[in-house]
Amino acid sequence: MTRAPAALSQYNCNKQMLSLRTSLLGLALATSALAADASFEKTVAPVLTTTCSPCHNDQSAAGGLMIGAFTKPASLTENRDGWDIILRKLRAGQMPPKGVPRPAQLDAAIQFLEAAFDKADRNVKPDPGRVTARRLNRAEYTNTIRDLLAVDFRAEKNFPTDDLGSGFDNVGDVLTVSPVLMEKYLAAAQHIADRAISSGPLPKPLEKTYALKFKNVQRLDPDTIEAPVRIDFDGDYEIHFGLQGERGPDAKPVKLAFYMDGKLLQTIDAETRPSKLVYFDPYSEETMRLPLPEGDHVFRAAFLDDDFVKTLTGKDLFDRKKNKFPDSMTFLGPYPSKIEKASRKKILVCDPNSGPACVERIVSTLARRAYRRPVTRKEVASLMRFTALAKSEGESPEQGIQLAIQAMLVSPNFLFRIEHDPDPADPTRVHAVSDIELASRLSYFLWSSMPDEELLSSAEAGKLHEPAAVDAQVKRMLADERSAALADNFAGQWLELRNLDVVKPDPQKFPAWGPELRDSMKAETRLFFDYVLRENRPISDFLDARYTFLNEKLAKFYGIEGVAGPDFRRVDLTTGQRGGLLGQAGVLTVSSYPTRTSVVIRGKYILQNILGDPPPPPPADVPPLDEAAVGTSASLRQQMETHRASPVCASCHNKMDPLGFGLENYDGIGHWRTMDGKFPVDASGTLPNGKVFDTPAAMRAELMSQLPEFSRCLVEKMLTFALGRGLQPYDRRTIDDIDRKLATSGYHFQSIIYEIARSLPFDARRGEAVP
């Protein structure tokens with residue numbers, strides 16, 4: 001009892017010290033806040049009131065911005081989203097606009113705002129966000145079936161189109177499952193399982209001819225024909241190529257190439273000298289036999305490196321006495337293949353006729369890979385019931401395995417990527433995703449497909465969360481050919497190149513347009529993106545690379561000499577007509593109308609996909625241009641200048657139109673021109689930061705000065721794609737960190753991918769409730 005007064009005295013003393021410390025901390029915070037407010041009033045407020053308010057006030061509100069809401073220090077926290085837009089425009093030099101004096105304290109204001117927001121973001125509790133359980137989109141389904149079963153299944157031709165969210169079709173919030181899609185899944189599962197095992201006999205071979213006289217073949221040029229063909233069964237097929245006409249007795253053979261869906265399958269030598277007469281016309285055949293996958297395909301037959309045809313012009317090209325050319329393709333099949341199918345080799349890891357133990361091994365191995373995680377004994381037992389059902393009905397072990405595969409392919413464990421929260425009692429808890437979940441995040445980010453054995457085994461061993469292990473896997477996966485999926489699925493959507501499959505330029509205005517030119521445009525940008533990625537080039541190459549990838553068809557379209565043959569190769573650019581993405585015909589085509597160019601669409605394209613500053617949607621009552629007058633009574637520039645004379649239109653069009661005019665030397669399919677109808681092309685304009693240009697090359701050079709803006713845009717696009725969700729305010733810190741490290745690396749492209757793979761939102765997730 002004698003020690004109690006001393007203890008109480010000590011307690012009171014500690015309490016007083018704690019109170020004093022709290023008071024001092026509060027005083028320090030208050031003093032800091034007052035100092036920050038004073039700095040804002042001294043540094044930022046004068047810029048707003050003297051430079052910004054004359055245009056952005058309650059009466060005019062240029063661009064929809066009223067600056068009065070931002071003149072108090074409290075606005076830094078109350079209107080952070082608005083401040084982010086203002087700061088981005090100040091940093092990019094877009095504000096103040098050309099003609100308005102730049103205030104002396106503008107740099108100090110920018111530094112104050114950057115420091116204030118950086119401090120605020122550091123003090124916010126890290127939040128990795130939450131990704132909705134998402135189903136495989138069509139590209140992911142196609143690639144996963146390929147890697148799981150070695151079956152070529154085209155989901156894009158069998159399933160409904162996936163919805164887009166935040167510009168991409170892998171965003172979980174929009175990947176719903178409709179009754180129609182569920183029916184498609186059930187039908188696809190049965191069909192794919194049957195193709196994978198192929199336990200039944202093939203039907204009797206049938207013959208189908210595609211010829212110009214039947215009007216089911218299209219001639220692309222004198223040396224090339226193309227036809228859409230439905231292959232009903234996997235198997236070997238004989239393809240007979242009908243070659244009309246003849247050349248002189250000394251004519252040399254040519255290479256006959258056969259393509260499927262743009263991919264070269266085989267070449268053979270084809271004789272072109274005089275041959276037998278069929279119905280009084282010279283005719284010969286060449287034959288190939290090769291395996292073809294079931295499905296709807298586009299087949300093409302073409303003579304390669306045909307120097308002889310270059311000596312002919314006009315009617316001589318199709319004179320059967322002077323030239324020889326492909327005329328038809330006849331498919332005969334299917335025939336059983338002498339080579340075991342790749343799907344059977346992948347699935348049947350042992351002989352299923354050897355007993356139930358082998359069947360269970362096959363099923364459990366497949367289920368682990370299909371579900372992309374270790375499977376439980378209960379899950380394997382559930383699948384084995386299907387093999388038992390097949391056996392009870394007198395079917396073979398292979399047919400039982402086929403039934404089990406069907407069940408796997410309609411399981412939510414296959415169709416969805418599901419991640420679990422370890423503590424449902426704490427719905428706001430932030431936690432690292434498991435190694436197994438991280439493996440799928442990596443593989444569907446880089447490959448749009450399932451983890452391979454090395455990645456899944458590393459995850460099962462619990463090694464994947466080690467930073468060095470993640471880096472090693474990223475390096476390995478980028479070197480794998482499956483990383484080409486980034487070009488197809490990320491770049492295809494970021495650059496809107498998928499639209500090349502649906503655009504239909506007017507053949508009267510653009511007679512050069514056709515399937516071969518379209519495919520060449522797609523290949524150029526895909527190969528260009530893939531090269532920048534694999535060679536870890538600086539992202540500035542996207543803006544103004546002095547090289548591209550061409551074949552003879554596209555090189556001629558560009559007016560570039562010295563490129564022969566259908567194969568693409570890297571070509572150095574020696575003039576200012578082409579360079580970077582904005583000089584590529586595919587990009588220029590998807591940002592045009594079918595009948596003409598569009599400075600609005602192209603300007604919006606640059607703002608949205610290059611500078612990360614998309615304009616707001618247009619009002620509903622915008623009057624259309626006089627299409628008949630374009631290029632005849634008035635140039636497109638003259639019409640657009642009249643259009644944006646309206647104050648309602650000017651705020652957005654003053655930014656978009658000059659960028660679009662910078663690409664006016666390219667017509668609606670990207671061909672170089674100097675005249676717009678009867679009027680000379682005027683490609684001059686002003687960037688949002690006030691820099692002026694007068695040619696496409698000059699505009700690209702000026703865009704290089706906005707590399708930081710492009711860098712942030714690209715980081716945001718790729719992070720959205722990698723996470724499969726739209727970005728939120730709590731992602732600012734991650735975006736800033738990745739962008740900063742990208743700049744430190746010299747803007748090398750792969751830095752974005754490595755930093756995303758190491759980032760908090762990629763490696764962790766939050767519970768369902770919003771904290």
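What comes next is a walk through the structure. Numbers given to residues run from 1 along each chain, matching the order in which its sequence is written. Local features are withheld for residues below a pLDDT of 70 in this predicted model, meaning they are given only at 70 or higher, and side-chain atom pairs are given and counted only at 80 or more; totals for whole chains, interfaces and linings count all residues. By convention in this description, side-chain values take in all heavy atoms of the structure and omit both hydrogens and water.

Only protein chains enter the accessibility calculation, which uses a 1.4 Å probe; a residue whose area is less than 20% of its type maximum is buried, one above 50% is exposed, and one in between is partly exposed. In this description a helix means any DSSP run of H or I spanning at least four residues, a strand means any run of E spanning at least two, and both kinds are numbered starting from the N terminus. Within the sequence span of helix 13 (residues 453-460), burial applies to Leu455, Leu456, Ser458 and Ala459. Along the long axis of helix 13, the arc covered by the buried residues comes to 160°, so they all point the same way. Looking at the packing, one finds that the buried side of helix 13 touches helix 8 (356-371), helix 12 (435-446) and helix 14 (467-479). A positive phi of about 75° marks Gly462, the residue just after helix 13. Each C-beta atom gives one direction from the helix axis, and the arc is the one those directions make. Every residue pair with non-hydrogen atoms within 4.5 Å of one another is taken to be in contact.

Strand 10 (residues 295-304) sits mainly inside the fold: eight of its ten residues count as buried. Any two strands between which DSSP finds at least two bridges are classified as paired. By the bridge criterion, six bridges tie strand 6 (residues 254-260) to strand 10 in an arrangement that is antiparallel. Paired with Lys255 across the bridge in strand 10 is Leu304.

Residue Pro334 is reached from Gly333 by a cis peptide bond, and omega for that bond is 10°. One can find Pro334 in strand 11 (residues 324-335). Although it is not a glycine, Ser166 sits at a positive phi angle of roughly 55°. Even without being a glycine, Ser448 presents a positive backbone phi close to 50°. Take Ser448: it is sitting in the loop between helix 12 and helix 13. Given the relative accessible area of 3%, Ser448 is considered buried.

Now for the packing of aromatic side chains. Note on aromatic contacts: the rings of Phe and Tyr and the six-membered ring of Trp form a pair at centre separations within 6.5 Å, being stacked when their planes are under 30 degrees apart, edge-to-face when over 60 apart, and tilted otherwise. Using the criterion set out here, one finds 35 aromatic pairs in the structure. Their ring planes at 70° and their centres at 5.2 Å tell us that Phe241 and Phe258 sit as a pair that is edge-to-face. Placement of Phe241 in strand 5 (residues 235-245) and of Phe258 in strand 6 is noted, with a sequence separation of 17 residues between them. Accessibility assignment for this pair places Phe241 and Phe258 in one class, buried. Note on criteria: charge over ring means Lys NZ or Arg CZ within 6 Å of the ring centre, with the direction from the centre no more than 35 degrees off the ring normal. In this structure, Lys208 is placed above the aromatic ring of Tyr210, and the distance from its NZ or CZ to the ring centre is 5.8 Å.

For side chains bearing opposite charge, pairing can occur when the charged atoms are close. By definition, a salt bridge exists where a carboxyl oxygen of Asp or Glu is found within 4 Å of a side-chain nitrogen of Lys or Arg. In total, this model carries 60 salt bridges according to the counting rule given. Between Arg765 and Asp421 there is a salt bridge, with its nearest N and O atoms 3.0 Å apart. Residue Arg765 is found in strand 20 (residues 764-766), and its partner Asp421 is found in the loop between strand 12 (416-417) and strand 13 (430-432); the two are separated by 344 residues along the sequence. Among the residues examined, Asp421 registers a relative accessible area of 24% and is labelled partly exposed. The partner of Arg534 in a salt bridge is Asp530, and the shortest N-O contact between them spans 2.7 Å. Residue Arg534 and its partner Asp530 are both found in helix 16 (residues 515-534); the two are separated by four residues, about one turn of the helix. Classification of Asp530 by relative accessible area gives buried; the value is 16%. Salt bridges sharing common partners tie together Arg195, Arg230, Asp232, Asp234, Glu294, Asp296 and Lys341.

In this structure, Arg138 sits in helix 5 (residues 138-149). C-alpha of Arg138 to C-alpha of Phe159: the two residues are 21 residues apart in sequence and 7.1 Å apart in space. In this structure, Arg138 is in contact with Ala155, Glu156, Phe159, Pro160, Thr161 and Asp162, ignoring residues within four places of it in sequence. What qualifies as a polar contact is a pair of N or O atoms within 3.5 Å, subject to a donor-acceptor requirement within protein and to the restriction that residues adjacent in sequence count only when both atoms come from side chains. Among the polar contacts listed, one links the side chain of Arg138 to the backbone oxygen of Phe159, at a separation of 3.3 Å.

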